[in-house]
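# Observations on chain architecture
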Amino acid sequence: MLSAPAPVSLLALAQFLSQFGDSVFQIAFLWLLLDLTGSKSVTGLAATVSYLPPLLFGLVAGVLVDRWDRRRVLIGADLARATLLGLLALLWGLRILTAPWLTAVAFGMATAAVLFNPSRDSLLPEIVSAGALTRANAWVQSSQQFAFLLGPLTASVIIDRATIGATFPAGIALFLGSMGLLFAMRVPPRVDAARASAELVGSRNLTGAFRQVFRELLAGLRELGRIPPLPFLYALTALDNLFIMGVSVLGLVVLVRETLGGTAADYALAEATYGVGMVAGSLAVVRWGNRWSSGALLLIGITLDGLTYLPLLACRSMATLVPALLVHSFAIPLITVPRATILQRLVPPRLVGRAFALLNVVVLGVTALSCGLAGMALERVSAPVLFALAGALGGATGLVGFLSLRLRSL
């Protein structure tokens with residue numbers, strides 16, 4: 001039976017509700033964009049814009065996460081997203097919601113996530129021992145995968161029984177629930193963070209504070225670059241996400257909508273299938289993950305992340321899509337859980353926020369580029385063909401990673 005200390009349980013539940021809210025919003029976001037624009041390339045461009053915040057703010061966010069109380073950062077990020085969904089609900093109710101407004105709110109939601117995600121991952125080493133990190137990461141990420149499962153299913157029910165606009169108040173309630181759990185969480189105070197925050201606040205002016213953050217950012221990046229094999233790990237992550245993520249985000253909605261002739265509820269079911277597979281993968285890591293080195297498990301995951309997209313070349317019905325996505329999504333926690341554990345073990349505590357912020361920049365920043373490329377590619381090739389091409393390139397990326405003995409042995 002799985003068990004976790006109270007702080008980890010509260011963090012996992014808060015993560016579940018917060019990701020639940022994000023999942024519900026993402027279903028509404030992409031489907032509404034296609035309805036409002038009628039263009040795959042414009043939708044891809046809008047999706048790209050929504051993923052830009054990690055590139056623009058991600059590294060600075062890492063410095064701030066290392067300075068600030070991480071629990072409070074999580075609360076603030078949830079509050080910001082609840083407020084943004086409130087704005088969307090108002091625009092929808094007034095019947096003045098447009099694609100630019102929708103894209104702008106998605107940009108704001110992603111900006112809040114830039115602070116939320118590294119804060120969540122940086123908080124874990126403060127509440128669990130080093131030897132328990134793999135299990136704790138799997139526990140927290142299992143809650144995220146359950147949200148990937150229930151979010152789309154809930155969105156499909158809401159859309160079928162009400163309207164797509166009803167997903168906005170549902171998201172607000174979920175983010176507020178996450179905030180409540182985080183308020184209840186007790187975390188040991190970080191004296192170093194309190195002192196660093198006081199130093200930043202004590203800067204003479206805004207320019208001085210900015211220079212101080214920038215100096216710390218550069219110093220942190222140089223130090224991270226001297227920790228082997230982190231540069232290689234970040235490079236592999238970038239390549240894998242370049243090939244896979246745009247197809248995963250945009251290709252799936254096009255595959256369901258055009259190749260399969262499906263509905264918004266079918267698309268939500270396909271997204272929920274990801275949740276089922278990722279939950280199973282996370283639980284497998286909890287049960288058997290310690291039998292493998294974190295590096296080997298990561299590289300197996302990257303390889304499978306690509307190769308499991310190849311069967312989608314022959315996909316022509318929901319009956320074939322669902323099992324294919326189940327197999328593919330099972331591999332995703334084989335990447336995310338060991339990668340988080342590697343960073344938490346290798347990076348000094350004072351830099352762990354910057355390490356995860358840089359990872360967030362790489363993952364979501366490259367996803368922005370990948371979405372734009374996928375949108376252009378889908379104007380020329382079918383979704384099944386694009387899935388197969390991306391899968392072959394993603395699988396090759398994982399195989400290249402096995403060339404690093406240092407990474408394999410971590």
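Quick caveat: nothing in here was measured; it's all calculated off a predicted structure.

About the cut-offs
Residues numbered from 1 in each chain as written. Predicted model: local features only at pLDDT ≥ 70, side-chain atom pairs only at ≥ 80, totals over all residues. Heavy atoms only, no water. Helix = DSSP H or I, 4+ residues; strand = E, 2+ residues; numbered from the N terminus. Rg over C-alpha atoms; globule rule 2.2 N^0.38 Å. Buried < 20%, exposed > 50% of the residue type's maximum accessible area, 1.4 Å probe, protein only. Contact = heavy atoms within 4.5 Å. Expected span 1.5 Å × (residues − 1). Core = buried A, V, L, I, M, F, W, Y, C linked by side-chain atoms within 4.5 Å. Axes fitted to C-alpha atoms, helices over the stretch in contact; angles between N-to-C directions. Parallel < 35°, antiparallel > 145°, perpendicular 65-115°, else oblique. Left-handed = near helix turned anticlockwise from the far one by under 90°. Nonpolar A, V, L, I, M, F, W, Y, C, P; charged D, E, K, R; others polar. Polar contact = N/O pair within 3.5 Å; in protein donor to acceptor, adjacent residues only side chain to side chain. pLDDT = per-residue confidence, 0-100. Phe/Tyr/Trp six-rings, centres within 6.5 Å; stacked < 30°, edge-to-face > 60°. Patch = residues over 30% accessible without salt bridge, like charges linked within 9 Å, V, L, I, M, F, W, Y side chains within 5 Å. Areas by Shrake-Rupley, 256 points an atom, 1.4 Å probe, with all protein chains shown as cover. Salt bridge = Lys/Arg side-chain N within 4 Å of Asp/Glu carboxyl O.

### Points about the overall build of the chain
Looking only at helices and strands, the chain features 17 helices and 0 strands. In terms of C-alpha radius of gyration, the chain reaches 20 Å, essentially the compact-globule figure of 22 Å for 410 residues. The 410 residues of the chain split such that 57% are buried. Look at the contacts in the chain between residues 6 or more apart in sequence, and 88% of them connect residues 24 or more apart.

### A closer look at helix α7 (residues 167–184)
Given a rise of 1.5 Å per residue, 18 residues ought to cover 26 Å, and the 26 Å separating the end C-alpha atoms of α7 matches this to within 8%. The elements touched by buried residues of α7 are α1 (6–37), α4 (70–93), α5 (99–127) and α6 (133–161).

### A few points about unusual backbone geometry
Residue Pro228 is joined to Pro229 through a cis peptide bond whose omega torsion reads 0°. For Pro229, the position within the fold is in the loop between α9 (206–225) and α10 (230–259). Its identity is not glycine, yet Arg95 carries a phi of approximately 60°, on the positive side. One can find Arg95 in the loop between α4 and α5.

### Details of the nonpolar core
Generally speaking, soluble globular proteins have nonpolar side chains that are buried together. In this structure, Leu252 and Leu321 are the most contacted members of the largest nonpolar core, which totals 90 residues. Setting aside its immediate chain neighbours within four residues, Leu321 contacts Leu252, Leu255, Val256, Leu260, Ala270, Leu312 and Cys315. Counting 19 residues, the second-largest nonpolar core is a separate cluster that includes Leu74, Ala77, Ala136 and Val140.

### Some points on the packing of α1 against helix α11 (residues 264–288)
Where α1 meets α11, the closest approach of the two axes is 11 Å, and the angle between their N-to-C directions is 140°. As summarised for this structure, α1 and α11 are arranged oblique, according to the angle between their axes. For α1 against α11, the interelement crossing comes out right-handed. Every residue of α11 that contacts α1 at Ile27, Leu30 and Trp31 is listed here: Ala264, Tyr267, Ala268 and Glu271. For the contact of α1 with α11, the per-class residue count stands at 6 nonpolar, no polar and 1 charged.

### Describing the side chain of Thr237
Structurally, the position occupied by Thr237 is in helix α10. On the basis of relative accessible area, Thr237 is assigned to the buried category, the value being 2%. A polar atom in the side chain of Thr237 sits 2.9 Å from the backbone oxygen of Leu233. Beyond its immediate chain neighbours, meaning those up to four positions away, Thr237 contacts Arg339, Leu359, Val362 and Val363.

### As for the confidence of the model for the chain
Residues of the chain with pLDDT of at least 70 account for 93%, and the chain-wide mean is 82. Ignoring residues within four places in sequence, the model shows residues 1–5, a span with pLDDT below 50, making 7 contacts including any to other chains.

### A closer look at the packing of aromatic side chains
For the structure on display, the rule yields 5 aromatic pairs. Geometrically, the ring pair formed by Phe25 and Phe29 is stacked, given 5.6 Å between the ring centres and 15° between the ring planes. Within this pair, Phe25 and its partner Phe29 are both found in helix α1, separated by 4 residues, close to a single helical turn. Among the residues examined, Phe25 registers a relative accessible area of 2% and is labelled buried.

### Comments concerning the environment of Thr341
In this structure, Thr341 sits in helix α14 (residues 333–346). Take Thr341: its relative accessible area is 1%, and that puts it in the buried class. Considered as a pair, Thr341 and Gly38 are 303 residues apart in the sequence and their alpha carbons are 42 Å apart. The contact partners of Thr341, leaving out residues within four places of it in the chain, are Leu133, Thr134, Asn137 and Ser294.

### Observations regarding a nonpolar patch on the surface
Together, Leu313, Val381, Val385 and Leu389 make up a nonpolar patch on the protein surface, roughly 290 Å² of accessible area in all. Here Leu389 lies in helix α16 (residues 383–401). Residue classification places Leu389 among the partly exposed residues on the basis of a relative accessible area of 48%.

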